[in-house]
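# Geometric and topological summary
Residue-level listing of the chains:
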Amino acid sequence: MCLAIPLKLISIDGAAAVGEAAGLTRPVRVDFIKQPKIGDYVIVHAGFAIERLDAKQAEESLSAWREVADAE
């Protein structure tokens, strides 16, 4: 099973970007996001940004991820 995760875009070079969450960075393709900007939060699945999130949605999702990690 694959899960989509929220990341904040910290750099963009064409369709290639880098996203960050919890101090970890991952390469992200932004082909499916219109006019991506540094600072945008996106849902990433299989290395592709598939949806933009507002900051509140992103924080709620990241908080849920932290709860799961802490429970393990």
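See the structure printed just above.
Residues numbered from 1 in each chain as written. Predicted model: local features only at pLDDT ≥ 70, side-chain atom pairs only at ≥ 80, totals over all residues. Heavy atoms only, no water.

### Here we look at helix α1 (residues 55–71)
Count 3.6 residues to each turn of an α-helix, and residues three or four apart come out pointing the same way. Its 17 residues give α1 an end-to-end C-alpha distance of 24 Å, which sits within 8% of 24 Å, the value for a rise of 1.5 Å per residue. If you check the start of α1, you find a side-chain oxygen 3.1 Å away from the backbone N of lysine 56, and it comes from aspartate 54. (Helix = DSSP H or I, 4+ residues; strand = E, 2+ residues; numbered from the N terminus. Expected span 1.5 Å × (residues − 1). Polar contact = N/O pair within 3.5 Å; in protein donor to acceptor, adjacent residues only side chain to side chain.)

### A look at the pairing of strand β1 (residues 5–13)
As a general feature of sheets, a regular strand has side chains that alternate between the two faces. Both β1 and strand β4 (residues 41–45) contribute to a ladder of 4 bridges, which runs antiparallel. Its bridge partner being in β4, lysine 8 is matched across the sheet by tyrosine 41. Strand direction decides the pairing type here: β1 and strand β2 (residues 16–21), joined by 5 bridges, are antiparallel. By the bridge assignment for β2, aspartate 13 is matched with alanine 16. Connecting β1 to the antiparallel partner β2 that follows it, the hairpin turn spans 2 residues, and glycine 14 within it adopts a positive phi of roughly 70°. (Pairing = 2+ DSSP bridges.)

### A closer look at the environment of phenylalanine 32
Position of phenylalanine 32 relative to the elements: it lies in the loop between β3 (24–29) and β4. Distance in space between the C-alpha atoms of phenylalanine 32 and isoleucine 50 is 6.0 Å, their sequence separation being 18 residues. In contact with phenylalanine 32, not counting residues within four places along its chain, are Phe48 and Ala49. (Contact = heavy atoms within 4.5 Å.)

### What about the nonpolar core?
The biggest cluster of nonpolar side chains holds 11 residues, and these are Leu7, Leu9, Ala17, Ala21, Val28, Val30, Ile33, Val42, Val44, Ala49 and Leu62. Elements represented by at least two residues in this core include exactly β1, β2 and β4. Setting aside its immediate chain neighbours within four residues, valine 28 contacts Leu7, Ala15, Ala16, Ala17, Gly19, Val44, Gly47, Phe48 and Ala49. (Core = buried A, V, L, I, M, F, W, Y, C linked by side-chain atoms within 4.5 Å. Buried < 20%, exposed > 50% of the residue type's maximum accessible area, 1.4 Å probe, protein only.)

### Here we look at the pattern of salt bridges
By the definition in use, this model includes 3 salt bridges. As a salt-bridge pair, glutamate 59 and arginine 66 come within 2.4 Å of each other at their nearest N and O atoms. Judged by its relative accessible area of 41%, glutamate 59 falls in the partly exposed class. (Salt bridge = Lys/Arg side-chain N within 4 Å of Asp/Glu carboxyl O.)

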